[in-house]
Every structure is written in C-alpha cells, then in structure tokens.
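# Observations on the model geometry
Here is what each chain is made of, one letter per residue.
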Amino acid sequence: MKTTLRGSTLKAVLLAGAGLCIAGTAYAAEPLVKACAKDGQFVIGFSQANNAEPYRQHVNDELEAAAKEVPGFTLQIADGAGNVNTQTSQVDNFITQKVDILLISPFEAAPLTPAVKRAMDAGIPVIELDRKTVGDPGKDYTAFIGGDNFKIAEEAGKYTAKTLLPDGGEAAVLQGLPSSTPAVERLNGFKEGVKGNPKVQIVAEQAADWVPDKAQVAFAAMLQAHPDIRVLYASNDMMAAGALLAAKGAGKDVKIIGTDGLPGPAGGIEAVAKGDWVATFTYPTGAKEAIEMSKKILLDCATEVDKTVTVETTAITAENAKQLMGK
C-alpha cells in the first residue's frame with residue numbers, strides 16, 4: 001500500500017529527519033546549556049573525591065593546566081575529603097552558585113547520585129570523571145570520561161597469567177573502596193584476565209580502600225595465611241606501595257603490580273624503574289578531554305556530546321619505565 005504525506009505531516013517528518021525537535025511547532029535542537037557562548041567568564045565546578053590521594057592531586061593539576069589554556073574559563077575545585085556528606089554539600093554549593101558545568105569524581109557511587117540528579121535538574125551539565133554515579137550517561141548525567149577500569153585490570157591479569165606465572169602459582173588482590181565503581185571493575189577485570197591460565201589461583205582478596213597503610217596491614221595478613229603468594233595486584237599505586245612494605249617485612253619476594261602509573265618520586269613509574277614492582281598500568285586523568293568537552297558545551301553550544309569517552313592505558317614494565325620517567 002502506498003502512503004502519501006501532505007502538508008504539516010510531511011514537514012514534520014522532514015524536520016525530524018534533520019534532527020530537529022517537534023512539538024506542534026518545529027524547533028532546532030537546543031544546546032546543552034542555555035547560556036552558551038555568553039560574554040564574560042564561565043565557571044566550571046569540580047567536585048573531587050579526595051585531594052589527599054596522589055592520583056587525585058594529579059587530576060587537579062592537569063585540569064588546572066588545561067583550563068588555563070581556555071580564555072574565560074575559571075575552574076573551582078572542591079575537596080570532598082573522602083566523605084560523601086562533605087562532597088554532597090559541596091555539589092549543592094556549586095548548584096547554588098549556578099556554575100556553568102559540574103565535573104565530579106564521586107567518592108562513592110550511590111550516595112552521590114542524588115546530588116548529580118539535582119545538578120542535572122537545575123540545568124547544569126554534569127561530566128563524571130574517572131568514577132561514575134548510578135545511572136546512564138546522556139540521561140542521568142551528561143557524560144563519563146575515564147579509563148576502562150575492567151580492561152586495565154584485565155590486562156594486568158593477562159600479564160600475570162602469561163608472563164609472571166606461566167607455570168601457575170598463587171596470586172592475591174588488594175581492592176579499592178568497594179562502594180566505588182573503579183574498585184569493583186578492577187577486581188573483576190583482574191579475575192577475568194587470569195582465567196587464561198587455569199594454573200593461576202587467586203587465593204586472597206581484600207579491600208584496602210585505596211590507602212597504603214591499610215594495604216600494608218591487609219597484605220601482611222594475606223602472606224601469613226598464604227605464604228606462597230607470588231603475585232600481588234593492587235588496584236592503585238598507593239596500595240602497591242603499602243604491599244611492598246608488607247612483603248619486605250615478611251621477607252618475601254613478591255611480584256607487585258600497581259595501577260595509576262603516576263609520575264614523580266613516589267609514583268608507580270619510578271617504582272617499576274627501580275625494580276620495586278614488576279609493573280603498573282597508567283590510568284590517564286581525562287583532564288584534557290573534560291576541558292575539551294566543556295569547550296564544546298559552553299563555547300560551541302553543542303546540542304550533544306559523546307556520552308562516554310575512554311582514555312587509553314599504557315603498561316609500564318621494566319622495558320619502558322625508565323624512558324617514561326619525567327614525561
């Protein structure tokens with residue numbers, strides 16, 4: 001059966017195909033913010049999970065550097081101090097200030113979800129950086145920028161199975177804060193990665209909340225219970241540093257893998273270069289990508305942006321650690 005479209009019906013179909021919004025009258029798709037390309041300053045509020053963590057400070061530094069390159073951008077960073085109530089209050093303060101964009105690395109996923117919703121309801125685009133709240137990008141928040149935590153840890157697991165323990169052996173995992181999405185994804189990713197070698201056994205796993213002293217205590221207990229552990233995967237560099245102290249204290253030669261690949265004298269790259277750890281996997285901050293997305297929203301009046309932007313990881317091993325130091 002042939003169907004003929006006439007008049008307003010045909011006009012509506014054509015407009016819809018062109019990506020326009022129709023509700024009785026044809027309207028162009030609206031920008032993500034109403035005050036895009038305005039005169040004067042744009043304020044970007046960043047709610048950081050915890051400035052005390054070296055990785056978090058690294059993120060702050062790179063965000064500040066990227067924001068300075070954009071005329072008219074002012075970046076305000078609030079330290080959540082590892083407390084969901086503190087971070088929630090600071091997000092609400094940003095909403096009250098009517099910042100143009102909210103960036104957030106939620107300390108915990110579920111407790112920060114209502115605050116993100118309040119920002120979205122207030123018409124403030126929300127870019128989640130490194131960690132997610134509960135929900136879907138493009139709907140419950142504007143976009144997520146970060147590494148693929150599962151894939152990064154899976155690569156660490158494959159490295160363990162193929163290179164470190166090709167003939168099998170016992171391994172252990174130190175997990176980050178269990179209520180944060182990276183901790184869950186990294187734990188599951190590592191488990192998936194070692195499946196390629198059925199002779200590798202994960203005999204112990206414990207949360208150490210990203211903190212080195214908790215990692216030291218936890219790994220010391222693991223070594224007492226399982227003295228034949230040969231590989232330890234730590235979900236961040238700080239816990240890897242704590243695990244090293246525990247291994248030395250127990251007189252054990254354990255191959256340690258970190259995650260973050262931070263630069264500087266206390267970072268994972270130097271630890272690998274010195275031979276203290278066998279590897280770490282970089283977790284790029286996504287700072288440049290976050291500021292670039294902010295430019296698209298605020299300066300280019302974008303009607304949509306990529307819902308998920310994945311930043312790539314690099315494996316740091318003895319082969320490339322020295323070359324990467326200082327970069």
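Up top is the structure.
Quick look at the structure, then. (Residues numbered from 1 in each chain as written. Predicted model: local features only at pLDDT ≥ 70, side-chain atom pairs only at ≥ 80, totals over all residues. Heavy atoms only, no water.)

## Digging into the pattern of salt bridges
Summed over the entire model, instances satisfying the criterion amount to 12 salt bridges. Put simply, Lys195 and Glu192 hold a salt bridge, and the shortest N to O gap is 3.2 Å. What makes Glu192 partly exposed here is its relative accessible area of 34%. Taking the shortest distance from any N to any O, the salt bridge between Lys214 and Asp209 comes out at 2.9 Å. Classification of Lys214 as partly exposed rests on a relative accessible area of 42%. Each of the salt bridges in this network shares a partner with another, and the network as a whole consists of Glu53, Arg56, Asp130 and Arg131. (Salt bridge = Lys/Arg side-chain N within 4 Å of Asp/Glu carboxyl O. Buried < 20%, exposed > 50% of the residue type's maximum accessible area, 1.4 Å probe, protein only.)

## With respect to the sheet that holds strand E10 (residues 229–234)
Across the sheet, which stays open at both edges, the six strands sit in the order E9-E8-E10-E11-E12-E14 with mixed pairing between neighbours. Lying at the two open borders of the sheet, with one neighbouring strand each, are strand E9 (200–207) and strand E14 (315–317). The average undirected angle you get between the axes of adjacent strands in this sheet is 20 degrees. Sheet topology note: the strand E8 (residues 169–175)/E10 ladder contains five bridges and is parallel. Bridge pairing links Glu170 to Ile229 in E10. Those strands touched by helix H6 (residues 181–194) are E8, E9, E10 and strand E11 (255–260), and its axis lies near 170 degrees from that of E9. (Pairing = 2+ DSSP bridges. Helix = DSSP H or I, 4+ residues; strand = E, 2+ residues; numbered from the N terminus. Axes fitted to C-alpha atoms, helices over the stretch in contact; angles between N-to-C directions. Contact = heavy atoms within 4.5 Å.)

## Examining helix H10 (residues 287–298)
Spanning 12 residues, H10 covers 16 Å between terminal C-alpha atoms, matching the ideal 16 Å at 1.5 Å per step. Taken together, the buried positions of H10 are occupied by Ala287, Ala290, Ile291, Met293, Ser294, Ile297 and Leu298. For H10, the angular spread of the buried residues around the axis is 160 degrees, confining them to a single face. (Expected span 1.5 Å × (residues − 1). Arc of directions from axis to C-beta.)

## A word on the packing of helix H2 (residues 54–68) against H10
Two elements in contact, H2 and H10, have axes whose closest approach is 8 Å; the angle formed by their N-to-C orientations is 40 degrees. Classified by the interaxial angle, the pair formed by H2 and H10 is oblique. Viewed along their axes, H2 and H10 form a crossing whose handedness is right-handed. Note on element contacts: H10 touches H2 through Ala287, Lys288, Ala290 and Ile291, opposite Val59, Glu62, Leu63, Ala66 and Ala67. Taken together, the residues that form the contact of H2 with H10 break down as seven nonpolar, no polar and two charged. (Parallel < 35°, antiparallel > 145°, perpendicular 65-115°, else oblique. Left-handed = near helix turned anticlockwise from the far one by under 90°. Nonpolar A, V, L, I, M, F, W, Y, C, P; charged D, E, K, R; others polar.)

## Things to note about the state of the cysteines
Tallied over the full model, the rule gives one disulfide. Two residues, Cys36 and Cys301, share a disulfide whose sulfurs are 2.2 Å apart. Because the torsion about its S-S bond is 105 degrees, the bridge between Cys36 and Cys301 counts as right-handed. Here Cys301 lies in the loop between H10 and strand E13 (308–311) and Cys36 lies in the loop between strand E2 (25–27) and strand E3 (42–48), a separation of 265 residues in the sequence. Judged by its relative accessible area of 14%, Cys36 falls in the buried class. (Disulfide = S-S within 2.5 Å.)

## Considerations on the packing of aromatic side chains
Enumeration over the complete set of coordinates arrives at three aromatic pairs. Ring geometry for Phe42 against Phe73: centres 6.1 Å apart, planes inclined by 75 degrees, an arrangement best described as edge-to-face. Of this pair, Phe42 sits in strand E3 while Phe73 sits in strand E4 (residues 73–79), and the two are 31 residues apart along the sequence. Just as Phe42 is buried, Phe73 falls in that class too. (Phe/Tyr/Trp six-rings, centres within 6.5 Å; stacked < 30°, edge-to-face > 60°.)

## A look at the sheet that holds E4
Taken together, the six strands give an open sheet; going across it, the order is E4-E3-E5-E6-E7-E13, and neighbouring strands pair in parallel fashion. Both outer strands of the open sheet, E4 and E13, are each paired with one neighbouring strand and no more. The mean angle between the axes of side-by-side strands here comes to 20 degrees, regardless of whether they run parallel or antiparallel. Where strand E6 (residues 126–129) meets strand E7 (residues 143–147), three bridges bridge the pair, whose relative direction is parallel. Bridged to Leu129 within E7 is Ile145. Packing against the sheet, helix H4 (residues 109–121) makes contact with strand E5 (101–104) and E6, and its axis sits at approximately 150 degrees to E6.

Shape is all these values report; function is a separate question.
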